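# A look at the structure
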Amino acid sequence: MKVFLSGSIRGGRQNLPVYQQMVQIVENQGHDVASLHVVDPHVEENEAGMSESEIFERDMHLLDGCDCMIAEVSLASTGVGYEVCSALNLGIPVQCVYRQGSTVSAMLLGNTNHLILLDAYREEKDLEALIPSFLDFVSGDEQVE
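Numbering of residues begins from 1 in every chain and follows the order in which that chain's sequence is written. For this predicted model, a pLDDT threshold of at least 70 governs which residues receive local features, and a threshold of 80 or more governs which side-chain atom pairs are given and counted, while totals over whole chains, interfaces and linings are taken from all residues. With hydrogens and water set aside, each side-chain value is computed from the structure's full complement of heavy atoms.

What follows covers helix H1 (residues 16–28). Labels follow the DSSP assignment, with helices taken as runs of H or I lasting at least four residues and strands as runs of E lasting at least two, numbered in each case from the N terminus. In this analysis, the expected span of each helix is defined as 1.5 Å times one less than the number of residues it contains. Here H1 contains 13 residues, and its C-alpha end-to-end distance of 18 Å stays within 8% of the 18 Å for a straight helix at 1.5 Å per residue. When we look at burial in H1, the residues that qualify are Leu-16, Val-18, Tyr-19, Gln-21, Met-22, Val-23, Ile-25 and Val-26. Structurally, H1 contributes buried residues whose contacts are with strand E1 (2–6), strand E2 (32–33), strand E3 (68–72), strand E4 (94–99), strand E5 (116–121) and helix H6 (127–139). Count one or two residues on from H1 and you reach Gly-30, which has phi positive near 90°. Type-normalised accessible area, obtained with a 1.4 Å probe on protein chains alone, sets the label of each residue: buried when under 20%, exposed when over 50%, and partly exposed for intermediate values. Contacts between residues were defined by any pair of non-hydrogen atoms, one from each residue, lying within 4.5 Å.

Two orientations exist for strands paired in a sheet by backbone hydrogen bonds: parallel and antiparallel. With respect to topology, 5 strands assemble into an open sheet ordered E2-E1-E3-E4-E5, the strand pairing being parallel. Looking at the sheet topology across the chains shown, the edges are occupied by E2 and E5. Note that E4 and E5 share 6 bridges and pair parallel. Bridge pairing links Tyr-98 to Ala-120 in E5. Strands E1, E3, E4 and E5 of the sheet are contacted by helix H4 (residues 78–89), whose axis makes an angle of about 155° with E3. Two strands are counted as paired when DSSP detects at least two bridges linking them. Axis lines are fitted to C-alpha atoms, over the contacting stretch for helices. Their N-to-C directions set the angle, which ranges from 0 to 180 degrees.

For the rest of this paragraph, the subject is helix H3 (residues 52–64). End to end, H3 covers 18 Å across 13 residues, agreeing with the expected 18 Å (1.5 Å per residue, within 8%). All buried positions along H3 are accounted for by Ile-55, Asp-59, Met-60 and Leu-63. Down the axis, H3 shows its buried residues gathered within 120° of arc, on one side only. When the buried face of H3 is taken as reference, the exposed residues oriented beyond 90 degrees from it are Ser-53, His-61 and Asp-64. On its buried side, H3 packs onto E1, helix H2 (43–47), E3 and H4. The arc in question is formed by the directions pointing from the helix axis toward the C-beta atoms.

Laid out in structure tokens, this is it:
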């Protein structure tokens, strides 16, 4: 499957190591991450040469070709929220993961769309179970409880 990874870029890069771990988990499950720019430590420098329209078009094109999305939503990010909403509008299943104790938007936590799953994690190692479970569910290999 193709997975769109969404994580804060302009809203803060504190979770870059978490995003990088998420990519490893997805790839270790045999899936492809379409949005590898999210884990590039130099993404802001690289995007400096792009217009906002080019960034938007790139991300929406990548998202449209994906089977699912995994979004790290511990940091407030307008872009991540927009991508989550766009994925849901396209009928793409979304897993939002967030560090327990984070202030996560009520627009995500209160969302009753059947395509969104929200999972809190205490430690980054918890992602090693949460993400594969979601990927198995999306691919039809498992039921999420």
